[in-house]
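Commentary on secondary and tertiary structure
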Amino acid sequence: MKIGLVIFGIYPSGLKQLIHHVVANRAIHHQYIGIEIEREHQQEVHFKSIEYDEVNGSQKLLLKASSVSSHAKLFEAMTDLDALIVMGTASTKAFIEGLQKDSAVPKLLFVPISILNDIPGSDSTLGYDTALNSIVEGALKIQDTIASVKYDKPRLFGVQVPGKAPDRMLEELAVAAEGYYVSVNFSEDRLQQICDEIQSNFSNDKTSTVLFYNEEFSPEGMDEQVLAKLNVDWKAMKMDEALCMGSHPTANDRILASKLAEQINLWLINNLESGELIVRNTGVEYLQYN
């Protein structure tokens, strides 16, 4: 069988391990075809054979992630494929759910990958744990630097998380870094409460803290809704997606990659219908589309 592999959005930590576990499975004898869609205006589609090299134990080729804006180009990529494994974010999931209703397309399997853990139905996503660790480590290093310097006012350091990071992610970052978070979903009263907590928790022993927020919270909104209510020295940095990837996947992402690959292999071995993989706190499940 010819099995297509395509990645949309980003290439998070752990994805290399996932592809390795799938392609290296000796119990499955399929031809794996990697699909790459150029990010330029023409969005040309390229096909590349993915093979497992038993000599060095790695893929001869690693797939590049395609832009989510090129979803529609998949129609050109499915010729002669028996099945297609689609790894992507929330918007990719919505696209695949609609695409699978077309009787002309091959069997599809959606695999959730996201550094933001924002895919409906899943409790976690591949790459999320590594992103959390990378952001928290960066914030703690900055706090250590701030703590070694004396300022006239308490120092509040802002960390802007990529994209529309959900409140759940912002909250987990704040808990892990012993800081705070604000969201565009907060009411004025809630924002005032956060500001009061930040200001009251400063002391001679604690002269700095960190505040997490996403790109939906504009600089103007930060000035008017937060900083205007505080007497602090403010500095902020933006964490781009590359900084969230981490140099190596965490143990949790390595374990999740293995579990996702196991379900992909079972989907192929048992010749199951189109569906998606869902990450639960109890494990990874396969859900067949209606």
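None of the values given here were measured: they were computed from a predicted structure.

Let's shift gears to the pattern of salt bridges. For the coordinates displayed, the defined rule picks out seven salt bridges. Between Glu 215 and Lys 238 there is a salt bridge whose closest N-O contact spans 3.6 Å. A residue pair is termed long-range when its members are at least 10 positions apart, and Glu 215 in the loop between strand E10 (208-214) and helix H7 (219-225) and Lys 238 in strand E11 (residues 233-238) qualify at 23 residues. Judged by relative accessible area, Glu 215 falls into the partly exposed class, the value being 36%. Among the salt bridges present, the one from Arg 280 reaches Glu 285, with a minimum N-O distance of 3.7 Å. Residue classification places Glu 285 among the partly exposed positions, given a relative accessible area of 37%. Counted as one network, the salt bridges with shared partners bring together Lys 93, Glu 97 and Glu 276.

With that settled, consider the sheet that holds strand E6 (residues 83-88). Paired through backbone hydrogen bonds, the strands of a sheet run either parallel or antiparallel to each other. In space, the seven strands of this open sheet follow the order E3-E2-E1-E6-E7-E12-E13, with mixed pairing throughout. Both edges of this open sheet fall to strand E3 (45-50) and strand E13 (283-288), since each of them pairs with a single strand only. Neighbouring strand axes in the sheet, compared pairwise and without regard to direction, differ in orientation by 25° on average. Across the face of the sheet, helix H9 (residues 251-269) comes into contact with strand E1 (2-7), strand E2 (31-37), E6, strand E7 (107-112), strand E12 (275-280) and E13 while running at roughly 170° to E7.

Per-residue pLDDT for the protein has a mean of 90; in total, 96% of the residues score no lower than 70. Looking across the protein, the model is least confident in strand E5 (residues 58-59), with a mean pLDDT of 58, and most confident in strand E9 (residues 180-181), with 98.

Rules behind the numbers
Residues numbered from 1 in each chain as written. Predicted model: local features only at pLDDT ≥ 70, side-chain atom pairs only at ≥ 80, totals over all residues. Heavy atoms only, no water. Salt bridge = Lys/Arg side-chain N within 4 Å of Asp/Glu carboxyl O. Helix = DSSP H or I, 4+ residues; strand = E, 2+ residues; numbered from the N terminus. Buried < 20%, exposed > 50% of the residue type's maximum accessible area, 1.4 Å probe, protein only. Pairing = 2+ DSSP bridges. Axes fitted to C-alpha atoms, helices over the stretch in contact; angles between N-to-C directions. Contact = heavy atoms within 4.5 Å. pLDDT = per-residue confidence, 0-100.

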